[in-house]
Amino acid sequence: MVKTFVSMLLSLALLVSAALFEHFYIGGTFEKFDAALVALECKVREEVASREDAEAVRALWLADKKDLHAVIPHNDIAQVDYWLGEAVSCIETRAYTDALAKLEVLQTICRQIPMTYKITFENVF
């Protein structure tokens, strides 16, 4: 009886710690990416952004994307890849108005994805 109770408590502790790790890891990763997007957006608004600036943001995303595959669905990652590719193309062709629209969508995605993994009443029950 005691072993069962201890096993149940240990399992619960592992689940809670895994959920907390996932919450903070995903939140931190997307906060960092969102900050890079905001910096790129400022350059696009001033119309001084270059392909290298956009590629630096893409490199940041690619570095983080490898680890995110383990915790978030592939569709969410593919969506970020798609919009980031669109934004890079717009910046390369100096279509800054279109690039701003793409970056706004990316920022919205980066703020919504972590919300689906937050430990809230709606997500738990």
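- As recorded in an unreviewed UniProt entry, the chain goes by DUF4363 family protein and comes from Candidatus Borkfalkia faecavium.

### With respect to the packing of helix α1 (residues 2-45) against helix α4 (residues 96-115)
No. 1: One can describe the packing of α1 onto α4 by two numbers: an axis separation of 9 Å at closest approach and a directional angle of 165°. Classified by the angle their axes make, α1 and α4 are roughly antiparallel. The two elements α1 and α4 meet at a crossing, and its hand is left-handed. In this structure, α1 contributes I26, G27, F30, F33, D34, L37, V38, L40, E41, V44 and R45 to the contact, and α4 contributes Y96, A99, L100, L103, L106, Q107, C110, R111, I113 and P114.
No. 2: Broken down by class, the residue content of the contact of α1 with α4 amounts to 15 nonpolar, 2 polar and 4 charged.

### Regarding unusual backbone geometry
No. 1: The phi angle at E47 is positive, at roughly 60°, despite the residue not being glycine.
No. 2: Tracing the sequence through the fold places E47 in the loop between α1 and α2 (51-68).
No. 3: Positive phi outside glycine occurs at R94, with the angle close to 60°.
No. 4: Given the relative accessible area of 59%, R94 is considered exposed.

### Focus on the pattern of salt bridges
No. 1: One pass over the structure, following the stated rule, counts 9 salt bridges.
No. 2: With its nearest N and O atoms 3.4 Å apart, the salt bridge here joins D64 to K32. Of this pair, D64 sits in helix α2 while K32 sits in helix α1, and the two are 32 residues apart along the sequence.
No. 3: A salt bridge links E55 to R58, with the shortest nitrogen-to-oxygen separation between them at 3.6 Å. Of this pair, E55 and R58 both sit in helix α2, 3 residues apart, which is roughly one turn of the helix.

Cut-offs and rules
- Residues numbered from 1 in each chain as written.
- Predicted model: local features only at pLDDT ≥ 70, side-chain atom pairs only at ≥ 80, totals over all residues.
- Heavy atoms only, no water.
- Axes fitted to C-alpha atoms, helices over the stretch in contact; angles between N-to-C directions.
- Helix = DSSP H or I, 4+ residues; strand = E, 2+ residues; numbered from the N terminus.
- Parallel < 35°, antiparallel > 145°, perpendicular 65-115°, else oblique.
- Left-handed = near helix turned anticlockwise from the far one by under 90°.
- Contact = heavy atoms within 4.5 Å.
- Nonpolar A, V, L, I, M, F, W, Y, C, P; charged D, E, K, R; others polar.
- Buried < 20%, exposed > 50% of the residue type's maximum accessible area, 1.4 Å probe, protein only.
- Salt bridge = Lys/Arg side-chain N within 4 Å of Asp/Glu carboxyl O.

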